[in-house]
Amino acid sequence: MKNDTEILKGFVIRGSHNILTVRTENEPSKELECRIKGKVLKETGNVYNPIAPGDRVIVECQGNSNTALILSVEKRRNVFSRFNQKGSASQILAANVDLILCLCTPASPPFRPRFLDRVLLQADAAGIEAVVICNKIDLDPGDPDVDERLEEFSRLGYKILRVSAKTGEGIDELRLMTAGKTSVLTGQSGVGKSSLINALEPGLNIREGSLNEKFDRGVHTTTMSFMIELSGGENTRLIDTPGVRLFIPDGIQPEEVISHLREFAPLAGKCSYGMSCSHKTEPGCKIMEAVHAGVIHEDRYNSFLRIRDDLEGALNDD
Ligand SMILES: Nc1nc2c(ncn2[C@@H]2O[C@H](COP(=O)(O)OP(=O)(O)O)[C@@H](O)[C@H]2O)c(=O)[nH]1
Ligand SMILES: [Mg+2]
Ligand SMILES: [Zn+2]
């Protein structure tokens, strides 16, 4: 009977709030446009999107149809999310991730180490390995801070990779680094997320934006993540994420920020005022002492204060 119901396993590769594309695991695998079956998501709470690329799901498919119903979502190994200010909810950018690629550029758009601070913090809090990828190294930074700050991230224990999607420099290393893994590309708009995916998989021709473009009308480019599977049979998967201007960490309380910044964490609770120290004015503040001693970079300290303020704002928003 052609109309038989088939139950298949698969993973989400892209989707909006309620229509998701699932690639099935059976051979030959197929892509199904799926809706979520009513009861599946009762307990997800206040989330912007309950299911994201990387999620493993069970779907119910009718015969040869290319549509299906998502019956259940497998328990996640981890999730990479951000706080979506507009929706005032947690936005899941990717699930079941091996590696976060935190992109930056020496110029065009300008180097923004504070964006890196935020994404690295989220990765640490989510327990996902993160690396810093500096793209566009063919461009002249014209800013001595770039190397200094990259060195600082390296000192904190993050791996730094310098690449150029344009000249191909470093792309082989990026290929090695991502082989066989599910990696998420993060970074503000214009840093070259799409270009790097195109460099890793020539022929894909994902739409690249021009820097002046304010609104990218690409269907899958602006608001939602999507997953690309590289050919080569190694299960190398890349998840492109929307290029947000401000990355607000998600699922972290303001007072927990200190524990997710690597060089701050060992000092948590050690100030004279203990956990109630605001690390702004108190005498005997170990964080401020570390800043003055050069152990904590001043930029990181400023980042810390701003992230904490943002989180307090996010909490007081509703
Ligand atoms: N010079 C230079 N330009 C690049 C490089 N990578 C990307 N671009 C350009 O930067 C712009 C934005 O790239 P895109 O991949 O769309 O960035 P995304 O918004 O992060 O996906 C495009 O015009 C690209 O051609 C690079 O390595 N060097
Ligand atoms: Mg893009
Ligand atoms: Zn303190």
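Here the structure is a predicted model, which means the values were calculated and not measured. (Residues numbered from 1 in each chain as written. Chains lettered and ligands numbered in written order. Predicted model: local features only at pLDDT ≥ 70, side-chain atom pairs only at ≥ 80, totals over all residues.)

Draft legend 1. Layout of the overall build of the protein chain. The secondary structure content of the protein chain amounts to seven helices and 14 strands. Taken over C-alpha atoms, the radius of gyration comes to 21 Å for the protein chain, in line with the 20 Å a tight globule of 318 residues would show. The C-alpha extent of the protein chain, read off along each of the three principal axes, is 75 × 45 × 35 Å. The buried share of the protein chain, taken over its 318 residues, is 39%. Of the contacts formed within the protein chain by residues at least 6 apart in sequence, a portion of 65% connects residues at least 24 apart. (Helix = DSSP H or I, 4+ residues; strand = E, 2+ residues; numbered from the N terminus. Rg over C-alpha atoms; globule rule 2.2 N^0.38 Å. Buried ≥ 20, exposed ≤ 12 C-beta atoms within 10 Å, placed from the backbone. Contact = placed C-beta atoms within 7 Å.)

Draft legend 2. Structural detail: the sheet that holds strand β8 (residues 89-95). With mixed pairing, the three strands of this open sheet are ordered in space as β4-β8-β7. Both outer strands of the open sheet, β4 (47-49) and β7 (79-84), are each paired with one neighbouring strand and no more. Neighbouring strand axes in the sheet, compared pairwise and without regard to direction, differ in orientation by 35 degrees on average. The pairing of β7 with β8 spans six bridges and is classified as antiparallel. Looking at the pairing, Ser 81 lines up with Ile 92 of β8. (Pairing = 2+ DSSP bridges. Axes fitted to C-alpha atoms, helices over the stretch in contact; angles between N-to-C directions.)

Draft legend 3. Spatial organisation of the site of ligand 1. In the vicinity of ligand 1 lie 20 residues, with Lys 166, Gly 192, Lys 193, Ser 194 and Ser 195 positioned nearest. Partitioning the shell around ligand 1 into residue classes produces four nonpolar, eleven polar and five charged. (Near = placed C-beta within 6 Å. Nonpolar A, V, L, I, M, F, W, Y, C, P; charged D, E, K, R; others polar.)

Draft legend 4. Structural detail: the nonpolar core. In this structure, Val 22, Phe 80, Ile 100, Cys 102, Val 132, Ile 133 and Val 184 are the most contacted members of the largest nonpolar core, which totals 75 residues. By residue number, the principal contributor to this core is helix α1 (residues 113-126), which donates seven residues. (Core = buried A, V, L, I, M, F, W, Y, C linked by C-beta atoms within 7 Å.)

Draft legend 5. Region of interest: the confidence of the model for the protein chain. The predicted model of the protein chain has a mean per-residue pLDDT of 90, with 92% of residues at 70 or higher. Every residue in residues 211-221 scores below 50 in pLDDT, and together they form ten contacts with partners more than four places removed in sequence or on other chains. (pLDDT = per-residue confidence, 0-100.)

Draft legend 6. Just the domain arrangement of the protein chain, in detail. Splitting the protein chain by domain gives domain 1 (5-73), domain 2 (79-240) and domain 3 (254-316). Here the C-alpha centre of domain 3 lies 27 Å away from the C-alpha centre of domain 2. Across the boundary between the two partners, domain 2 contributes twelve residues, which contact ten residues of domain 3. Listed by contribution, the elements that provide at least two residues to the side of domain 2 that touches domain 3 are α1 and α2 (145-155). For the side of domain 2 that touches domain 3, the element with the most residues is α1, which contributes seven residues. Each residue belonging to the side of domain 2 that touches domain 3 can be placed in one class, and the counts come to five nonpolar, one polar and six charged. (Domains from an automatic or database assignment.)

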